[in-house]
Amino acid sequence: MGYNIANWEMIRTREELVEKLGLDAADDTHTLLNNMVDVRACYKPNGKSWFRGVRSSKFRHVYGVPAKREKCYDNIKITKNAHDSQFCAVNPKFLAIVTEVAGGGAFLVLPLDRTGRLDFNASRVTGHTGPVLDIKWNPFNDNIIASCSDDCTIKLWHIPDGGISRNLTEWLVELQGHKRRVAYIEWHPVAENVLFSAGFDHLVIVWDINKGEAVSIIDRHPDVIYSISLNRDGSLLATTCKDKKLRVFEPRSGIVVSEGVCHAGTKASKVVFLGSSGRLLTTGFSRHSDRQYAIWSQHDLNVPLICETIDSSSGVVFPYYDNDTNMVYLAGKGDGNIRYYEVVNEAPWMHYLSQFISGNPQRGLGIMPKRGVNTAICEVFRFYKLHATRGMCEPISMIVPRKSDQFQEDLYPDTVGTCPALSARDWISGMNNPPILISLKTGGSITTHKPRVYKPPQLPPTTDLNNKKKFAFLSTETVPDYRPIEFHDMSEKSQKTSSNQSTKFQQLQQKFGNVVLQKNIISAPLNDNKVLENVDIPNNEAELRLAFARQTDELRLVRRQLANSQLRVKELEEQIRKLQRQ
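The structure reproduced in this document is the subject of the present report. Keep in mind that what you see is a predicted model, and the values were worked out from it rather than measured.

Criteria and cut-off values
Residues numbered from 1 in each chain as written. Predicted model: local features only at pLDDT ≥ 70, side-chain atom pairs only at ≥ 80, totals over all residues. Heavy atoms only, no water. Buried < 20%, exposed > 50% of the residue type's maximum accessible area, 1.4 Å probe, protein only. Helix = DSSP H or I, 4+ residues; strand = E, 2+ residues; numbered from the N terminus. Pairing = 2+ DSSP bridges. Contact = heavy atoms within 4.5 Å.

With that out of the way, let us pick up the pairing of strand S31 (residues 379-387). Burial analysis of S31 places 9 of its 9 residues in the buried class, the great majority of the element. Across 5 bridges, the pairing between strand S30 (residues 362-367) and S31 is antiparallel. For Gln362, the partnering residue across the bridge sits in S31 and is His387. One ladder, built from 7 bridges, connects S31 with strand S32 (residues 392-399); its direction is antiparallel. Within the sheet, the bridge partner assigned to Leu386 lies in S32 and is Cys393. With antiparallel pairing between neighbouring strands as the criterion, S31 and S32 make up a hairpin whose turn holds 4 residues.

This is the structure we're talking about:
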């Protein structure tokens, strides 16, 4: 039996409670309290409660695991350039890191399994004459890497499968078009051999690598460009600029699709497309230098869908988006933390999950393509962290905690593969296609993708050339030469042959050769289509060859005399000029 005590505040003592309830005074307090029901809890609340419980998500407990010391890359002289780039690029075959160098620019390329302490004199790519500012691997060929530099050029390099054994100075393609240093480069996500570059000359240039020429030049920025990003099918290009504006372009024509003011702070802002959702994520600074992130609709950049403050640190925040898991990772330069969020299709558009905390600040982060992650340990993302205080690159794996070692299909949908969906010509002509996907269940364990073998033009080995010459000589028919010795070409072989001409036939040829030649040489031209009677026409091939050889020698003599005469004319002209000056 329960009792209504809505006005229980008026009861002061136990006796008042017993009297109010009409119970026996012998009942203990515990029994009294058990018989009470607060009817106010049954009243309908006036407004909705702010707490809705814990949001369900399979990525709620994702955690970061740094690699052990022996699995890191140590003793690397990482660049100390202040440029806000990552200085690191990785694919399932190689790791590339921009290094410090005195004069010129260089970056290191290591096979992914070459961990541990690096040799100080390891080979590097050293073809640039200025510091390297950005590097990116070709998404469709794991052996091709592009680099841009302070020397205003972009270069493409071919890395052999085992890595480079000596300093690489010969590039495949050099792209020249920027008037000032090239800050950022980005490969087209769908079309093969299409590259985007942004320079300090306020230009974004679209390159066709096959032809080595610019397809489009976007000249719509009044100031320095801070970042570039392409959507999932490469049909739109987003940029952030020092004039605090976010712009979305149609890259082939350079038309501005939408434009709006981004973050109010003066420091660099970054942008990334959130897959094919039609939204963008930007990171930047507020007017009071607080770090922010904002989400925008690509069709309307006037007002953000949401804008939230991250913290009050000073490092530039770089966003990384994983289209397969709809997760966004925010990592600040100079921080040790990596925050990660889950993107949804309704307000508030992005939910905070957790963060990876480290006491070592990062100078840059490289990210492994999804086809290179380890599905056996439920790894959904992998960073390669360049330590700012020591020369080390440390892999960090983002893992979903699950006990089963089977392939988790909900964590690994089909991801972007290594086959381009379009050729450069098709994309330039206006075609758009989604990327070609592969299954990580069948192809995830293969970490040495090589869809196309790019072989730069190389001369064949010297032994092959010698063999070809030998076979060509053996297959040539030997033709005897019956000319007198004075008309032979006095090459090394001819001199050896002439020294052994002691046979009876050679002596007779030397004795009567001049008579035969004078008889058979054609010494008069044709007149009225008739052959002069006193000229003997060659009767066979041997006589014709003799006549041809005689004329060839005469022409050679005439050319020599002509060259001498021209030289003499020049000398005389020079003497005349000197006399005129006097």
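This part is about the environment of Glu70. Within the fold, Glu70 resides in the loop between strand S3 (63-66) and strand S4 (73-74). In contact with Glu70, other than residues within four places in its own chain, are Thr115 and Gly116.

Glancing now at the pairing of strand S7 (residues 105-111). Most of S7 sits out of view: 7 of its 7 residues are buried. Alternating positions in S7 separate into two faces, Gly105, Phe107, Val109 and Pro111 on one and Ala106, Leu108 and Leu110 on the other, with burial throughout. Inspection of the sheet shows strand S6 (residues 94-99) paired to S7 by 6 bridges, in the antiparallel sense. Along S7, the bridge assignment pairs Leu95 with Leu110.

These results come straight from atomic positions and should not be treated as a statement about function.
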